[in-house]
Amino acid sequence: MRLFLGKFSNNYPEQIEKRYYAAGDENSSWYGGVKPGDYVFVSYEGKIIGLWKAKEYTKMKNTVNSKDDGVLLFDEIKTYEDVSVSNDFTRYKHFVHDLNLVNKVTKSVKGLGFIPIKTTENCPNPEDIDFKSNGINIYIALKDVDLNPKEGDIRVAINNLEQMKIIAIEKFINGEFVIYDELNDLYEERNKEDGKFTIKELNDYALEDNATKKRKFLITLIEELEKNGFMKVSNAIRLYDNLLVGRKRSATTKADDSKTVISEETESDEEIAEDSEQYMSYASLLNFNPNLILYGPPGTGKTYATQKIIDHFEKKYFRGNGSYKLAEAENRVKTITFHQSYSYEEFIEGIRPVLNDDEAGNIVYKLENGLFKEHCINAEKELIKRQNNAKYIDMIHSESTIWKVSLGERKSDEIYDECIKVGDIAIGWLDDQDLSELTYDDILEKLKEESDYGNKPTQNANTINALVNEMTIGDIVMVYDGPQTVRMIGVIKSDYRYDNKYSFRHRRSVEWFKDLNYPINIHKYNGNKNLTLKTIYKLVRMSISDVIEIVSQNSTVKQSLEDKHEIKPYYMIIDEINRGNISKIFGELITLIEQDKRGKVKSFLPYSKKEFTVPSNLFIIGTMNTADRSIAAIDTALRRRFTFVEMEPDSSILAQFDNPIINDHIDLTKLMDALNEKILEKFDRDHRIGHAYFMGIESLNNLYQTWYFKILPLLGEYFYNDVDSLTSIVGKSFYDNYGNIRYLSLTKKNNGLSEFEEKLLEIYRGKDNG
């Protein structure tokens, strides 16, 4: 007898209706080795809905493309109701807790749809398996605490409250706890590389690594151990993910050198098996229109979805191994939250007061780019990429300084030719000494000591100091040709070096843009000011946008298809986009974000007096909380330019990816659905409660805190001073006649339930709430 868990997607409900699984030829890895005659427990939306028996591999006509596809047919043996994969299936007493049961049954496993299930010797026949009456308890407990266990219960034994160290993983068999070899070995295997951490150490690491879900579990565990000496864990999945796996790590690509390093996984990458097809469809919408808004009630995962959309967009439309994490590490993702006082000056550009560097500390007014304009500039630089310069273009950023540089002497091109050939800029003062460790004052002092440098030591010191100390990697250099023209443009790619192979020995390496139509007139970009003969100085009137325009307009080589593959997408996430004054914030740029105007239509900005455009490789993802402001009230100009996707409350997410059953009694999916049905009757669909409010609840005490300090205050805001509506939704037990909240007891009664649990059950069981 061989048992499997089969994962069936809600994107293909016809497979459930017709009892088949389509994955092509019988040898496809998706079938997981299932043979005719094997039994499969059918997992659908986080629940076991039936037991099927594999019948045969055959061909079936695909309704989409009318082709014959390979499928596996099944016979239905029995059906199940309200059997949770995480809470019921993984706690069945006759299943062995190996990696398949504690991890793979709920996680996305690439190329595998059927997970083998190992059983004990005395496991009943598949058709006789009863999950509800044969579940085990899973405890994390101090070794000397009496748990009153039953046959098959699991105990993770902890040595003491001071250290909180795992000393054994055991199973209760024939009246005593014995080592549970399979689970104990798995724990040892997963922690052999870094060693075993105590619970308190794991909690500290979770804080350091921003693994918020894991930390919430560990904080609850520590509190329960200190209070009761044990914690009852809802299911084996959460035990493994949050404790037994240790400090979970994953391979991550480093942004600067593309090397693979090991880094801690954060909350967003904890192997949650979301419906990737849903996020892929959203990524396709973003490719269709670079302006996307996710809207819905609070707690529906809108902000989380922005990250997953970027994950899938990177993989499908940019590079197969891309991800949100990598894009963020490369500074290609910026996140902002709109609010009522957010302005154009903060988003696009504005004149702001700054303290001067002089001793008096006077205030001066400076033109500064806003977050959106800066991100547009950084995205726009991608458009001048070529295969041979992509690495150096990545060094440029919106704050890169632009320098005018003269190379060599006025009547000779010898130094210029040499610098262009070897890829350098160079100056020739103080040729007999390395200036690496010298400050401006040191350089000035040395110049004064050298009588050969005439009566301009300060001017010369400024020039030398600029090359030695002020220039940075990613800065732009423009080589002087005439009062209005330059004859070469490059990107600085190294720090200062002293090289005695040359006559001009103070140098920096530069990547030159050699395929431009030189000389180039930059007069208008420099504020209609002529260039001077000073060797090195900043072109303060020019911006990186000007450089990008100059390079793109004067290129002698068109961007090839291979070059375009180097262009990286940039993302602007605008949270709570409907809370800001759109007309005030976007100003004239509301037109420029339209897809057909990207990179083509320019607007004249009022502060900088320069033209500006939004590049085609910048993607805007906004979120809207409909409880704060209905989508019906959104700015019309914004509505016409964005694609809108509704994110609805979805209780099935709790069943599939979280902890749907609390204390073996409270079904959070049913509680959430019942609340939202009543909110729909009393208010509207925009004010329903999202599934995120019910996620990450580990214990009855967690649920108590969530209920009284999140759910009820939210309902109180929706139905302010409307006691009748509140009590019709949650019952009269939670409020007195004046609308004051009543805090019910958590003490167990003779029936094994607390008053708090009883009243929550009444909400979704349809009992009279009086």
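Note: the structure precedes this text.
Residues numbered from 1 in each chain as written. Predicted model: local features only at pLDDT ≥ 70, side-chain atom pairs only at ≥ 80, totals over all residues. Heavy atoms only, no water.

(A) Fine view of the overall build of the protein. Along its length, the protein carries 25 helices and 32 strands. Structurally, the protein occupies a C-alpha span of about 100 × 65 × 60 Å along its principal axes. Across the 770 residues of the protein, 53% fall into the buried class. When contacts within the protein are restricted to residue pairs at least 6 apart in sequence, long-range pairs at least 24 apart make up 65% of them. In the structure as shown, the protein presents an accessible area of about 35600 Å², 45% of it carried by carbon and sulfur atoms. Averaging the coordinates of the 103 positive side-chain charges in the protein and doing the same for the 125 negative ones gives two points 3 Å apart. (Helix = DSSP H or I, 4+ residues; strand = E, 2+ residues; numbered from the N terminus. Buried < 20%, exposed > 50% of the residue type's maximum accessible area, 1.4 Å probe, protein only. Contact = heavy atoms within 4.5 Å. Areas by Shrake-Rupley, 256 points an atom, 1.4 Å probe, with all protein chains shown as cover. Lys, Arg positive; Asp, Glu negative; His and termini not counted. Charge placed at Lys NZ, Arg CZ, Asp CG, Glu CD.)

(B) Summary view of the sheet that holds strand β4 (residues 47-61). Reading across from one edge, β2-β5-β4-β3-β1-β6 is the order of the 6 strands in this open sheet, with mixed pairing throughout. The strands lining the two open edges of the sheet, one partner per strand, are β2 (20-22) and β6 (114-117). Each strand of the sheet is rotated relative to its neighbour by a mean of 35°, with strand direction disregarded. (Pairing = 2+ DSSP bridges. Axes fitted to C-alpha atoms, helices over the stretch in contact; angles between N-to-C directions.)

(C) Quick peek at the nonpolar core. Of all hydrophobic cores here, the largest spans 58 residues; its most connected members are M478, I489 and I522. Core analysis: the second largest hydrophobic core is formed by 36 residues, I666, W707, L714 and I763 among them. (Core = buried A, V, L, I, M, F, W, Y, C linked by side-chain atoms within 4.5 Å.)

(D) Seen up close, the sheet that holds strand β14 (residues 291-296). Strand order across the open sheet formed by 5 strands is β15-β26-β29-β14-β30, with parallel pairing between neighbours. The strands lining the two open edges of the sheet, one partner per strand, are β15 (333-337) and β30 (643-646). If you compare each strand with its neighbour and ignore which way they point, the axes differ by 20° on average. With 5 bridges joining them, β15 and strand β26 (residues 570-575) adopt parallel strand pairing. Directly across from I336, in β26, lies its bridge partner I574. Those strands touched by helix α7 (residues 276-288) are β14, β26, β29 (618-625) and β30, and its axis lies near 165° from that of β30. Each of β15, β26 and β29 is contacted by helix α11 (residues 371-380), which is oriented at about 160° to β26, the strand it contacts most.

(E) Structural view of the side chain of N526. Secondary-structure assignment places N526 in the loop between β24 (520-521) and β25 (536-538). A polar contact is formed between the side chain of N526 and the backbone oxygen of K529, at a distance of 3.0 Å. (Polar contact = N/O pair within 3.5 Å; in protein donor to acceptor, adjacent residues only side chain to side chain.)

(F) The arrangement of helix α6 (residues 236-244) in detail. Across the 9 residues of α6, 9 count as buried, placing the element largely inside the fold. Taken together, the buried positions of α6 are occupied by A236, I237, R238, L239, Y240, D241, N242, L243 and L244. Its side-chain oxygen placed 3.0 Å from the backbone nitrogen of I237, N235 serves as the N-cap of α6. In the stretch just after α6, G246 is the one whose phi turns positive, near 75°.

(G) Just helix α5 (residues 212-228), in detail. Counted at 1.5 Å a residue, the expected span for α5 with its 17 residues is 24 Å, and the 24 Å between its end C-alpha atoms agrees. For α5, the full list of buried residues reads K214, F217, L218, T220, L221, I222, E224 and L225. Packing partners of the buried residues in α5 comprise β7 (138-142), α4 (199-208), β11 (230-233), α6 and α23 (700-718). Phi turns positive, to about 90°, at G229, one or two residues after α5. (Expected span 1.5 Å × (residues − 1).)

(H) Molecular detail of the pattern of salt bridges. What the rule picks out here adds up to 40 salt bridges. The salt bridge partner of K118 is E182, with a shortest N-O separation of 4.0 Å. Taken as a pair, K118 in the loop between β6 and β7 and E182 in helix α3 (residues 181-190) lie far apart in primary sequence, 64 residues in all. Judged by relative accessible area, which is 44%, K118 ranks as partly exposed. Among the residues examined, E182 registers a relative accessible area of 30% and is labelled partly exposed. A salt bridge links K501 to D499, with the nearest nitrogen and oxygen atoms 3.0 Å apart. Taking relative accessible area as the criterion, K501 reaches 62% and is therefore assigned exposed. Taking the relative accessible area as the measure of exposure, D499 reaches 10% and is therefore buried. Through salt bridges that share partners, E418, D424, R497, D499, K501 and R507 make up one connected network. (Salt bridge = Lys/Arg side-chain N within 4 Å of Asp/Glu carboxyl O.)

(I) Just the side chain of E698, in detail. Structurally, E698 can be placed in the loop between α22 (668-682) and α23. A distance of 2.5 Å separates the side chain of E698 from the side chain of R238, its partner in a polar contact. Contact partners of E698, with chain neighbours within four places excluded, come to F217, T220, R238, N242 and N659.

(J) Highlighting a nonpolar patch on the surface. Taken together, the side chains of I351, L355, I363, Y365, L367 and Y607 define a hydrophobic patch exposed on the protein surface, amounting to about 650 Å² of accessible area. Looking at the nonpolar patch, the elements that each hand over two or more residues are β16 (349-355) and β17 (363-369). You can see Y607 is positioned in the loop between β27 (603-604) and β28 (611-612). (Patch = residues over 30% accessible without salt bridge, like charges linked within 9 Å, V, L, I, M, F, W, Y side chains within 5 Å.)

(K) Layout of the packing of aromatic side chains. Tallying each qualifying case throughout the model produces 46 aromatic pairs. Aromatic pair F313 and Y571: ring centres 6.0 Å apart, planes at 90°, arrangement edge-to-face. Placement of F313 in helix α8 (residues 302-318) and of Y571 in strand β26 is noted, with a sequence separation of 258 residues between them. A single burial state applies to F313 and to Y571, both of which are buried. Through successive ring pairs, a cluster of aromatic residues spans F8, Y21, Y31, W52, Y57, F74 and F114. The cationic tip of R155 hangs over the ring face of F177; the distance from NZ or CZ to the ring centre is 4.3 Å. Sitting above the plane of the Y416 ring, R487 keeps its charged end 3.6 Å from the centroid. (Phe/Tyr/Trp six-rings, centres within 6.5 Å; stacked < 30°, edge-to-face > 60°. Lys NZ or Arg CZ within 6 Å of the ring centre and 35° of its normal.)

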